[in-house]
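Observations on the model geometry
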Amino acid sequence: MIEREFKFRDFKEAMEFVNKVAAIAEEEGHHPNIYLYSWNKVRLELYTHAIGGLHENLGAVSDKEVWSRYAQSLYFLTTSLHEGFCLPNLEAMIAGCAVITTDCDGIRDYAVDGQNCLIVSRDDPREMVEAVRRLEFDRPLRERITKNMAEQTSQQWGWQPVLSRLDRILRT
């Protein structure tokens, strides 16, 4: 289950959001549980069923299995409201997945929209869907992003560069 809570300025804004989600859900044929409560809060619960391998709950897996899954994937999506450094994005980049991420704070240390990933707003699920479509149908964009991210990410955030920076910091 994917669950997310949203807070709005007032009841009207919360209802407008619910109606937008309902329209997208109807269009996509996948309907979340929607809870409107406390006059300005909405909670969405989305249950994804295994649809042709689209989703699989892996439980606890080894590092080797994680890297294997990255290597088998074309895209890696992060839908967080807030993140620190968000290491899974970097791992996915190094493994060659095209990363689409919400603008969730800590990613700005390494993520550059349109260069090594696509960055979408935190509060617009349709924007995430459109970003996936862009990468799916714009092959030059997808190739540029995956090429740039693999090179930039491994050069800047691989173990050697990080350990070298840490060593310099500790010596000062």
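As a reminder, the structure under discussion sits directly above these lines.
As the structure is a computational prediction, the values presented were derived from the model and not from experiment.

1. Points about the environment of Phe6
- Relative to the helices and strands, Phe6 resides in strand S1 (residues 2-7).
- Note on Phe6: relative accessible area 6%, which makes it buried.
- Sequence-wise, Phe6 and Asn40 are 34 residues apart; in three dimensions their C-alpha atoms are separated by 8.4 Å.
- Aside from chain neighbours lying at most four places away, what touches Phe6 is Phe17, Asn40, Lys41, Val42, Leu44 and Asp123.

2. Digging into the sheet that holds strand S3 (residues 41-46)
- Strand order across the open sheet formed by three strands is S1-S3-S2, with antiparallel pairing between neighbours. Of all strands in the sheet, those bounded by a partner on one side alone are S1 and strand S2 (33-37). Each neighbouring strand pair of the sheet contributes to a mean axis angle of 15 degrees, computed without reference to strand direction.
- Looking at chain direction, S2 and S3 are connected through five bridges and run antiparallel. Looking at S3, one finds that Ile34 is bridged to Leu44.

3. Points about the packing of aromatic side chains
- On inspection of all chains with the given rule, the structure shows five aromatic pairs.
- Centre to centre, the rings of Trp67 and Tyr70 are 5.5 Å apart; their planes meet at 75 degrees, and the pair counts as edge-to-face. Taken as a pair, Trp67 and Tyr70 lie in helix H2 (residues 63-72) at a separation of three residues, close to a single helical turn.
- Judged by relative accessible area, Trp67 falls into the partly exposed class, the value being 35%.
- Of the aromatic side chains, those joined through ring pairs into one cluster are Phe6, Phe8 and Phe17.
- Lying over the aromatic face of Tyr35, Arg43 brings its terminal NZ or CZ to 4.5 Å of the ring centre.

4. Comments concerning the packing of H2 against helix H3 (residues 87-95)
- The N-to-C vectors of H2 and H3 enclose an angle of 60 degrees; their axes lie 8 Å apart at closest approach. In terms of their interaxial angle, H2 and H3 are classed as oblique. Note on packing geometry: the crossing formed by H2 with H3 is right-handed. Contacts from Trp67, Tyr70 and Ala71 of H2 reach H3 at Pro88, Glu91, Ala92, Ile94 and Ala95.
- For the contact of H2 with H3, a count of residues per class yields seven nonpolar, no polar and one charged.

5. Quick notes on a nonpolar patch on the surface
- On the surface, Trp159, Leu163, Leu166 and Leu170 cluster together into a nonpolar patch covering about 490 Å² of accessible area.
- Of note, Leu166 is situated in helix H6 (residues 159-171).

6. Details of the pattern of salt bridges
- Under the criterion given, the structure shown has seven salt bridges.
- Put simply, Asp103 and Arg108 hold a salt bridge, and the shortest N to O gap is 3.0 Å.
- When the shortest N-O distance is used, the salt bridge between Arg133 and Glu130 registers 2.8 Å. Of this pair, Arg133 and Glu130 both sit in helix H4 (residues 125-137), three residues apart, roughly one helical turn.
- According to the relative accessible area criterion, Arg133 is partly exposed, its value standing at 32%.

7. Thoughts on the side chain of Asn116
- Position of Asn116 among the secondary structure elements: in the loop between strand S5 (98-102) and strand S6 (118-120).
- According to the relative accessible area criterion, Asn116 is buried, its value standing at 2%.
- Of note is the side chain of Asn116, whose polar atom sits 2.7 Å from the backbone oxygen of Tyr110.
- Within the structure, the side chain of Asn116 is placed 2.7 Å from the backbone nitrogen of Val112, a separation counted as a polar contact.
- Contacts of Asn116, omitting those with residues within four sequence positions, involve Met93, Tyr110, Ala111, Ile145, Asn148, Met149 and Gln152.

Analysis parameters
Residues numbered from 1 in each chain as written. Predicted model: local features only at pLDDT ≥ 70, side-chain atom pairs only at ≥ 80, totals over all residues. Heavy atoms only, no water. Helix = DSSP H or I, 4+ residues; strand = E, 2+ residues; numbered from the N terminus. Buried < 20%, exposed > 50% of the residue type's maximum accessible area, 1.4 Å probe, protein only. Contact = heavy atoms within 4.5 Å. Pairing = 2+ DSSP bridges. Axes fitted to C-alpha atoms, helices over the stretch in contact; angles between N-to-C directions. Phe/Tyr/Trp six-rings, centres within 6.5 Å; stacked < 30°, edge-to-face > 60°. Lys NZ or Arg CZ within 6 Å of the ring centre and 35° of its normal. Parallel < 35°, antiparallel > 145°, perpendicular 65-115°, else oblique. Left-handed = near helix turned anticlockwise from the far one by under 90°. Nonpolar A, V, L, I, M, F, W, Y, C, P; charged D, E, K, R; others polar. Patch = residues over 30% accessible without salt bridge, like charges linked within 9 Å, V, L, I, M, F, W, Y side chains within 5 Å. Areas by Shrake-Rupley, 256 points an atom, 1.4 Å probe, with all protein chains shown as cover. Salt bridge = Lys/Arg side-chain N within 4 Å of Asp/Glu carboxyl O. Polar contact = N/O pair within 3.5 Å; in protein donor to acceptor, adjacent residues only side chain to side chain.

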